[in-house]
Amino acid sequence: MGVPGLTGFVEEHGGFLAALRVRRTKLVIDGSSLYHRLFFACGADVRHGGDYGPFAAAVGAFFDSLRACGVAPCVVLDGGRDAADGKLATLRSRAAERLRAAHGLSRPGGGGDGGGLLPLLAREAFVQALRRLGVPLAQCFAEADREIAALANRWGCPVLTLDSDFCIFDLRGGYCPLSHFQWQSVCGGGDALGCYIPAKCFSSEKFCSHFGRLNKTLLPLFAVMSGNDYVNLPALEVFFSKARLPGGCCGWKGRKHARIQGLLNWLSRFSEPTEAIENVLQYLKKHQREEIRELLQASMEGYTPSDVNLEDFFQHGNYESQAARKSDLPQWVLDALAKGAHVMPSNAFAGDSRSENEYSGICPQSLTAPCCCNLLLDT
């Protein structure tokens, strides 16, 4: 998830993370990162189809800690794939990893502890737990990163996630890595401000100043050139093989960290992204340059906060996005998706005038994931 190697790079250089006391604030939470983190931290069984009781208890304890510190959380979940399917290769790779892990678990005496394999209904269990707790939840139409960044900037509050892409976004309230969010170690209210959760916050200012005069507007280009879930340009390997990246080999473990260090030092020579892109293109063949320029510029837009106003959804229940409008899905489907329903959009719905009640009669309730999940949690 995010920029390869960047999380490890930031962790090894502790100066990029500043201590933070989280209390009496709004907090925008990346729901996908949170439910993965909580499930594996709670020690639930992954071998027998899902151990949802301990997981639901962990979700409740997490939000109890936030409530004790006066933190107002809003959880935002990823939706489906976008129409361009730009992340398809990454999704295939992760699906193959999950299949291998599942195969290992199915074998007697083999498979270890399941690694990163979540039970099938973990996401639904998380959504149901949030509803029971009354925690505000929104599910985006596609990937949620840009909407999360936009909402956090609107409120001026931190983002809680474990996605290194948020080192790249320009966030007013900063990015708090879940790995440093000590929600189980709430500190007492010895001062007038009350309880707080010890945490750390990534500082883009400290990060950029470490590389001389690196302009924050160059960080999206750094992410795209490093490769992420959407972009992997083999043509750029020509650049890395020919360019002399300064300071890329000293004091850092592994080839990935050396490349990160060198690329950031190299980018610090330029005042803005266009100038840097033109210098990158000089290393490529002439017939490739225009196509790579367009790909780089388009990919960098993925690190621009969205124009979707999620605040409207949390206040009035209205979710409007260009991708949702283009889908031609009935409004009741879009409303259900935004509220976290596990609906499978299909072009078969496009332009269909039948009501939600008619469709619910066609699809038996016993087959819907929320119904199954409620039964598991109640049991």
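Residues numbered from 1 in each chain as written. Predicted model: local features only at pLDDT ≥ 70, side-chain atom pairs only at ≥ 80, totals over all residues. Heavy atoms only, no water.

- An unreviewed UniProt entry annotates the chain as XPG N-terminal domain-containing protein originating from Apteryx owenii.
- Quoted straight from UniProt, the Sequence similarities (unreviewed entry) entry for the chain says "Belongs to the asteroid family." (UniProt positions renumbered as here; feature names shortened; annotations may be inferred.)

## Quick word on the overall build of the chain
Part 1 of the reasoning: Within the chain, the secondary structure is distributed over 17 helices and seven strands.
Part 2 of the reasoning: Taken across its 379 residues, the chain has 46% of its residues classed as buried.
Part 3 of the reasoning: Long-range pairs, those at least 24 residues apart, make up 70% of the contacts in the chain with a sequence separation of at least 6.
Part 4 of the reasoning: With an accessible surface of roughly 19,100 Å², the chain has 51% of that area assigned to carbon and sulfur atoms. (Helix = DSSP H or I, 4+ residues; strand = E, 2+ residues; numbered from the N terminus. Buried < 20%, exposed > 50% of the residue type's maximum accessible area, 1.4 Å probe, protein only. Contact = heavy atoms within 4.5 Å. Areas by Shrake-Rupley, 256 points an atom, 1.4 Å probe, with all protein chains shown as cover.)

## Details of empty space enclosed by the protein
Part 1 of the reasoning: Here the structure, examined in full by the defined rule, presents two cavities of 30 Å³ or more.
Part 2 of the reasoning: Empty space within the largest cavity amounts to approximately 70 Å³.
Part 3 of the reasoning: Contributing to the lining of the largest cavity are Thr7, Val10, Glu11, Leu17, Leu162, Ser164, Cys167, Tyr175, Pro177 and Ser179.
Part 4 of the reasoning: Secondary-structure elements contributing two or more residues to the lining of the largest cavity are α1 (6–12) and β6 (175–177).
Part 5 of the reasoning: The dominant element in the lining of the largest cavity, judged by the number of residues it contributes, is α1, at three residues.
Part 6 of the reasoning: Of the residues belonging to the lining of the largest cavity, the class tally is six nonpolar, three polar and one charged.
Part 7 of the reasoning: Looking at the second largest cavity, its volume works out to about 40 Å³.
Part 8 of the reasoning: In this structure, the second largest cavity is lined by Gln139, Cys140, Phe141, Tyr319, Ala324, Leu334, Leu337 and Ala338.
Part 9 of the reasoning: Per-element tally for the lining of the second largest cavity: the top contributor is helix α15 (residues 331–338), with three residues.
Part 10 of the reasoning: Here the residues of the lining of the second largest cavity sort into seven nonpolar, one polar and no charged. (1 Å grid on protein atoms, 1.4 Å probe; cavity = no way out; pocket = protein on both sides within 12 Å on 5 of 7 lines; lining within 4 Å. Points joined across faces, edges and corners; volume = space filled by probe spheres on them. Nonpolar A, V, L, I, M, F, W, Y, C, P; charged D, E, K, R; others polar.)

## Brief notes about the packing of aromatic side chains
Part 1 of the reasoning: Counting across every chain of the model gives 22 aromatic pairs.
Part 2 of the reasoning: Taken together, a centroid distance of 6.2 Å and an interplanar angle of 25° make the contact between Phe9 and Phe16 stacked. An identical accessibility class is assigned to Phe9 and Phe16; each is buried.
Part 3 of the reasoning: Geometrically, the ring pair formed by Phe39 and Phe40 is edge-to-face, given 5.8 Å between the ring centres and 85° between the ring planes.
Part 4 of the reasoning: Grouping aromatic residues by their ring pairs yields a cluster made of Phe9, Phe16, Phe166, Phe169, Tyr175, Phe202, Phe207, Phe211 and Tyr303. (Phe/Tyr/Trp six-rings, centres within 6.5 Å; stacked < 30°, edge-to-face > 60°.)

## Concerning helix α8 (residues 219–226)
Part 1 of the reasoning: Taking burial as the measure, the eight residues of α8 include seven buried ones, the bulk of the element.
Part 2 of the reasoning: Within α8 the residues assigned to the buried category are Leu219, Pro220, Leu221, Phe222, Ala223, Val224 and Met225.
Part 3 of the reasoning: Positive backbone phi, at 95°, marks Gly227, one or two positions downstream of α8.

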